Amino acid sequence: MTRIDPHSYFDDAQPRTSSWHLRLRVDFQRRVLDGEVTLLFPKGSGGTLDLDTRGLTIHRAYVTANATSLAFELGPEDPILGRRLRLELPKGAMGITIAYETSPDASGLQWLEPAQTEGKLHPFLFSQCQAIHARSLLPCQDCAVARVPYDAQVLVPKPLSAVMSAGPWGEVEAALPGWRLFKFRMPQPIPPYLLALAVGELEGRDLSARARVWAEPCTAEKAAWEFAEVEATIQKAEGLFGPYDWNRYDMLVLPPSFPYGGMENPRMTFLTPTLLAGDRSLVDVVAHELAHSWTGNLVTNATAEHFWLNEGFTVWAERRLLRALHGQEAELLGWAIGQRDLEESLRRFEQQPELTVLRTHLEGIDPDDAFSSIPYEKGARFVWVLEQAMGAQAFEVFLKAYMAHFRFTSISTEQFCAFVEQQHPGLLARIDADAWLHQPGLPAGSPRFHSDKLEALTALAQAWPQGARPENSEAWSPKELLIYLQHLPRELGSEDCAWLDGHFQLTQRGNYEILVEWLVIAAGSDYEPVFPRLREVLLRVGRMKYLRPLYAALGRHERTRTLARDIFEAAAPSYHALSRRVVEGVLEKYADLGVAQ
Ligand code: BES
Ligand code: ZN
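Presented here is an overview of the structure given in this document. The residue numbers shown here count from 1 along each chain, following its written sequence. All chains are assigned letters beginning with A, and all ligands numbers beginning with 1, in the order in which they are written. With the structure being a predicted model, the display of local features is reserved for residues of pLDDT at least 70 and the display and counting of side-chain atom pairs for 80 or more, all residues being used for whole-chain, interface and lining totals. The basis for every side-chain value is the complete set of non-hydrogen atoms in the structure, without hydrogens or water.

1. Section: the overall build of the chain
Definition in use: Counting from the N terminus, the helices are the DSSP runs of H or I reaching at least four residues and the strands are the DSSP runs of E reaching at least two. Atoms counted for the radius of gyration: C-alpha only. Globule rule: 2.2 Å times residue count to the power 0.38. Relative accessibility thresholds used throughout: buried, under 20% of the residue-type maximum; exposed, over 50%; partly exposed, between the two (1.4 Å probe, protein chains only). By definition, residues are in contact when any of their heavy atoms lie within 4.5 Å. The Shrake-Rupley method, run with a 1.4 Å probe sphere, supplies the accessible areas, and residue values consider only the shown protein chains as cover.
If you tally the helices and strands in the chain, you get 19 helices and 21 strands. Since a compact globule built from 597 residues should have a radius of gyration of about 25 Å, the 24 Å found for the chain is in line with a globular shape. The principal-axis extent of the C-alpha atoms belonging to the chain is close to 80 × 60 × 50 Å. Across the 597 residues of the chain, 61% fall into the buried class. Sequence separation of 24 or more characterises 71% of the internal contacts of the chain that already satisfy a separation of 6 or more. A total of about 23100 Å² of accessible surface is found on the chain, and carbon and sulfur atoms cover 52% of it.

2. As for the coordination of the zinc ion (ligand 2)
To keep it simple, the criterion reads: Sites may look incomplete, because water is not among the atoms used; the donor set itself consists of N, O and S atoms within 2.8 Å of the metal (3.2 Å for Na, K and Ca). Geometry is assigned from donor-metal-donor angles: four donors are tetrahedral when every angle falls between 85 and 135 degrees, four are square planar and six octahedral when opposite donors sit over 155 degrees apart with all other angles between 65 and 115, and any other arrangement is irregular.
For the zinc ion (ligand 2), every protein donor is listed as His288 (NE2), His292 (NE2), Glu311 (OE) and Glu311 (OE), and the spread of their distances is 2.0 to 2.7 Å. Between the six donor atoms coordinating the zinc ion (ligand 2), the angles at the centre fall across 53 to 159°, so the site counts as irregular. Of note, the zinc ion (ligand 2) draws all its donor residues from one chain, in the sequence arrangement H-x3-H-x18-E. Separated by 19 residues along the polypeptide, His292 in the loop between helix H3 (284–291) and strand E20 (299–301) and Glu311 in helix H4 (residues 307–326) bring together distant segments of the chain. With relative accessibility at 0%, the residue His292 sits in the buried group.

3. Topic: the site of ligand 1
Going by this rule: It suffices for a single heavy atom of a residue to lie within 4 Å of a molecule or strand for the residue to be listed as near it. Counted as a polar contact is a pair of N or O atoms within 3.5 Å, where, for protein atoms, one must be capable of donating a hydrogen and the other of accepting one, and residues adjacent in sequence contribute only when both atoms are in side chains.
Of all residues adjacent to ligand 1, which total 16 residues, the nearest are Gln130, Gly261, Glu264, Glu289 and Tyr376. Contact distances for ligand 1 include 2.6 Å between a nitrogen atom and a side-chain N or O atom of Glu264. Protein contacts shield 90% of the accessible area of ligand 1, which totals 530 Å² for the unbound molecule. At the level of secondary structure, the elements contributing two or more residues to the shell around ligand 1 comprise strand E18 (262–263), H3 and H4.

4. A closer look at the packing of H4 against helix H8 (residues 392–406)
For the record, the criterion: To get an axis, fit a line to the C-alpha atoms, keeping to the stretch in contact for a helix; angles then go from 0 to 180 degrees between the N-to-C directions. Angles below 35 degrees are treated as roughly parallel, those above 145 as roughly antiparallel, those between 65 and 115 as roughly perpendicular, and all remaining angles as oblique. Note on convention: near helix rotated counterclockwise from far helix by under a right angle means a left-handed crossing. Clockwise means right-handed. Following the grouping adopted for this structure description, the nonpolar residues are Ala, Val, Leu, Ile, Met, Phe, Trp, Tyr, Cys and Pro, the charged ones are Asp, Glu, Lys and Arg, and the polar ones are all others, Gly among them.
The interhelical angle for the contact between H4 and H8, taken along N-to-C directions, is 135°, at an axis separation of 14 Å. If you check the angle between H4 and H8, you find them oblique. Considering how the two elements wind past one another, H4 and H8 form a crossing that is left-handed. Contacts from Leu309, Phe313, Trp316 and Arg320 in H4 reach Phe395, Glu396, Leu399 and Tyr402 in H8. Considering only residue class, the contact of H4 with H8 consists of six nonpolar, no polar and two charged.

5. Considering the nonpolar core
As a reminder, the rule being used: To form a nonpolar core, buried Ala, Val, Leu, Ile, Met, Phe, Trp, Tyr and Cys residues must be joined to one another through side-chain atoms within 4.5 Å.
Of all hydrophobic cores here, the largest spans 136 residues; its most connected members are Ile98, Phe227, Phe270, Phe382, Leu386, Tyr402 and Phe416. In terms of residue count, the dominant contributor to this core is H4 (eight residues). Setting aside anything within four residues of it in sequence, one finds Phe227 in contact with Leu207, Val213, Met251, Val253, Leu271, Leu275, Leu276, Val283 and Val286. Judged by nonpolar contacts, the second largest core, of 53 residues, contains Leu519, Ala523, Leu534 and Val583.

6. Describing the sheet that holds strand E5 (residues 72–74)
Defined as follows: Should DSSP find at least two bridges between two strands, the strands are taken to pair.
Here we have three strands laid out as an open sheet, ordered E3-E6-E5, and antiparallel in their pairing. Edge strands, defined here as strands with exactly one partner in the open sheet, are strand E3 (47–53) and E5. Looking at each pair of strands side by side, their axes are set apart by 20° on average, direction ignored. Relative to strand E6 (residues 83–89), E5 runs antiparallel, the two being bridged by three bridges. Bridge pairing links Glu73 to Arg86 in E6.

7. Considerations on the packing of aromatic side chains
Convention followed: Two rings from Phe, Tyr or Trp (for Trp, the six-membered ring) form a pair when their centres sit within 6.5 Å of each other. Planes less than 30 degrees apart are called stacked, planes more than 60 degrees apart edge-to-face, and all others tilted.
According to the stated counting rule, one finds 37 aromatic pairs in the structure shown. Ring geometry for Trp335 against Phe449: centres 4.5 Å apart, planes inclined by 15°, an arrangement best described as stacked. Linking Trp335 in helix H5 (residues 328–348) with Phe449 in the loop between helix H11 (433–438) and helix H12 (452–462), this pair joins segments that are 114 residues apart in sequence. Among the residues examined, Phe449 registers a relative accessible area of 14% and is labelled buried. When the ring of Trp384 is compared with that of Phe449, the centres are 5.3 Å apart and the planes differ by 80°; the resulting orientation is edge-to-face. Linking Trp384 in helix H7 (residues 374–390) with Phe449 in the loop between H11 and H12, this pair joins segments that are 65 residues apart in sequence. Put simply, the rings of Trp308, Phe313, Trp316, Phe382, Phe395, Phe398, Tyr402, Phe406, Phe416, Phe419 and Trp436 pair up and form one aromatic cluster.

8. Let's talk about the environment of Thr360
Turning to its location among the elements, Thr360 is positioned in the loop between H5 and helix H6 (367–370). Along the sequence, Thr360 and Leu437 sit 77 residues apart, while their C-alpha atoms lie 8.5 Å from each other. The contacts of Thr360, once residues within four sequence positions are left out, are Ala304, Glu305 and Glu354.

9. Some remarks on helix H19 (residues 577–590)
Put simply, the test is: One less than the number of residues in a helix, times 1.5 Å, gives the span that helix is expected to have.
The first and last C-alpha atoms of H19 sit 20 Å apart over 14 residues, in line with the 20 Å expected at 1.5 Å per residue. Residues Leu578, Ser579, Val582, Val583, Val586, Leu587 and Tyr590 constitute the buried set of H19. Where the residues of H19 are buried, they touch H6, helix H17 (544–553) and helix H18 (558–571).

10. A closer look at the pairing of strand E10 (residues 148–157)
A regular strand carries its side chains on alternate faces of the sheet. Along E10, eight of the ten residues are buried, which leaves the element largely enclosed by surrounding structure. Strand direction decides the pairing type here: strand E1 (residues 19–27) and E10, joined by six bridges, are parallel. Bridge assignment links His21 to a residue of E10, and that residue is Asp151. Here nine bridges tie E10 to strand E13 (residues 179–190), and the two strands are oriented antiparallel to one another. Within E13, the residue paired with Val156 across the bridge is Arg180.

11. Brief notes about the pattern of salt bridges
Quick reminder of the rule: Each reported salt bridge corresponds to a side-chain nitrogen of Lys or Arg within 4 Å of a carboxyl oxygen of Asp or Glu.
As enumerated under the stated definition, the model contains 45 salt bridges in all. Among the salt bridges present, the one from Asp52 reaches Arg135, with a minimum N-O distance of 3.9 Å. With Asp52 in strand E3 and Arg135 in the loop between strand E9 (124–127) and E10, this residue pair connects regions lying 83 residues apart in the sequence. Arg135 sits in the buried class, given a relative accessible area of 0%. Salt-bridge contacts for Arg381 lead to Glu377; the nearest nitrogen and oxygen are separated by 2.8 Å.

12. Brief notes about the sheet that holds strand E4 (residues 57–63)
An order of E4-E7-E2-E1-E10-E13-E12 is seen for the seven strands of this open sheet, with the pairing classed as mixed. Both edges of this open sheet fall to E4 and strand E12 (167–173), since each of them pairs with a single strand only. Each strand of the sheet is rotated relative to its neighbour by a mean of 15°, with strand direction disregarded. The pairing of E1 with strand E2 (residues 32–40) spans nine bridges and is classified as antiparallel. Residue pairing for E2: Ser19 is matched across the bridge by Leu40.

See below:
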């Protein structure tokens with residue numbers, strides 16, 4: 001037996017699935033997907049097959065070719081892994097079919113009431129499979145090493161549409177009146193966590209010959225404007241990494257409960273609607289998800305223990321794209337904003353330093369609980385150090401060789417290091433890669449990013465208590481304002497809050513990065529005038545990046561703690577399960593805070 005992933009029952013010594021064929025019906029009444037999946041195997045496979053499942057009801061398993069029933073055994077529930085589904089694959093069987101349905105509270109799905117959408121008329125469904133939730137959508141070898149191409153037929157009630165992380169393969173007349181049948185095909189092998197499905201009232205707008213944005217009809221126009229420049233970003237990324245290999249680059253704007261900023265589902269990036277700031281200032285997230293088409297989707301982390309390979313490289317790439325599109329200053333501001341996120345995560349894991357290494361060991365730890373800015377920002381800094389050590393030009397050559405060598409595979413940190421060593425012998429030792437990869441915190445050689453603008457903004461913010469106030473701030477870009485707000489004291493008097501809000505019109509902002517940074521200060525300052533807006537934001541938005549600091553800031557005072565509990569009670573039913581868990585974690589810490597200062 002060779003299990004290679006602490007989060008999967010996938011066994012390297014067993015037959016490996018060569019493709020998935022899904023036939024599913026989306027049942028909004030029962031909140032389940034039900035149907036069948038056929039798993040194909042290379043010729044001559046046979047023997048024991050262990051699959052991952054979570055919350056699935058298995059109706060029947062049979063040999064696809066002759067419909068002979070197969071015995072199956074569902075193991076006990078493991079709180080992190082779910083239940084192992086064990087089958088015996090008859091010698092020579094080319095494929096098995098499993099009839100099953102998902103659970104109404106499948107961890108990888110969120111079913112929304114019409115009231116939770118922008119249009120308010122139709123229900124909505126979306127998936128989020130990374131890191132280990134694909135198994136709640138279908139029985140599979142849910143390990144990134146077990147890559148598969150797939151096709152799918154999805155029945156959805158009229159007038160809704162379905163999109164997937166795959167190319168459309170035609171809509172055919174459904175045999176059932178009142179239903180539409182969508183067909184999809186993803187010919188390239190993807191890790192299971194990149195399976196994605198969304199169903200709702202959707203409208204698409206073309207942005208270029210290969211890029212389209214999908215959204216609910218009432219947001220489609222706004223989305224098309226916000227992301228209009230995506231084709232230019234794709235072309236810059238191709239310059240950096242080589243040709244875009246996935247054919248189309250489409251995007252879907254989700255309802256506001258989507259728990260992430262973006263998710264790099266291939267051919268269909270999922271995005272939070274909080275990016276629709278109306279000024280294109282938050283499109284870094286699109287650059288990031290697009291960059292994953294290479295770093296993540298083409299070359300993939302073997303397991304969640306090597307997550308930095310996905311995110312560190314992608315953040316580095318996102319910043320390089322920022323430089324190519326908007327200049328060096330824009331890139332520097334990106335690194336500076338990231339520095340703050342990194343320091344915050346290092347503080348959060350002060351008691352768990354083992355989660356601040358890049359190459360993690362996650363046996364017994366749920367990847368959702370280990371999530372932080374560390375693989376992103378520490379990882380990106382390590383890539384930056386590699387680039388410095390090789391020199392910019394040699395690094396570009398290295399990157400292209402790396403992509404070419406590992407394309408469509410899923411690799412470990414150790415494989416990555418072996419490749420670097422082979423290309424640049426001795427380099428890893430010179431930069432003390434061991435400290436970056438295996439030791440907690442930030443190594444001594446970690447880069448610090450400087451720019452005059454940055455120094456001026458931070459100094460101005462830090463001198464707030466001495467009475468320093470901004471001048472000429474009308475000319476600040478949204479990023480500059482964000483950096484300024486980030487460096488203000490976390491708690492201010494109400495007069496100071498009123499001055500800031502009056503000067504910058506913060507409470508009414510539509511740019512969520514700025515709005516949330518302001519609300520964090522205002523909440524931490526127990527500043528009552530923002531409470532209604534705070535409630536509105538927390539009831540509407542489920543993005544974890546915003547919920548965590550907002551609820552944490554509300555923990556500083558007795559009155560705001562009560563407010564937070566009150567809001568959470570009302571908001572919890574509409575949050576995604578992941579968001580709910582993050583907020584519960586924050587609220588539990590309130591208990592340790594004692595009485596208000
Ligand atoms: N792949 C991640 C999101 C993710 C990570 C989902 C781990 C589940 C488990 C995505 O590419 C991402 O990093 N999103 C960021 C955007 C950002 C860093 C620009 C986010 O959601 O904030
Ligand atoms: Zn990412």
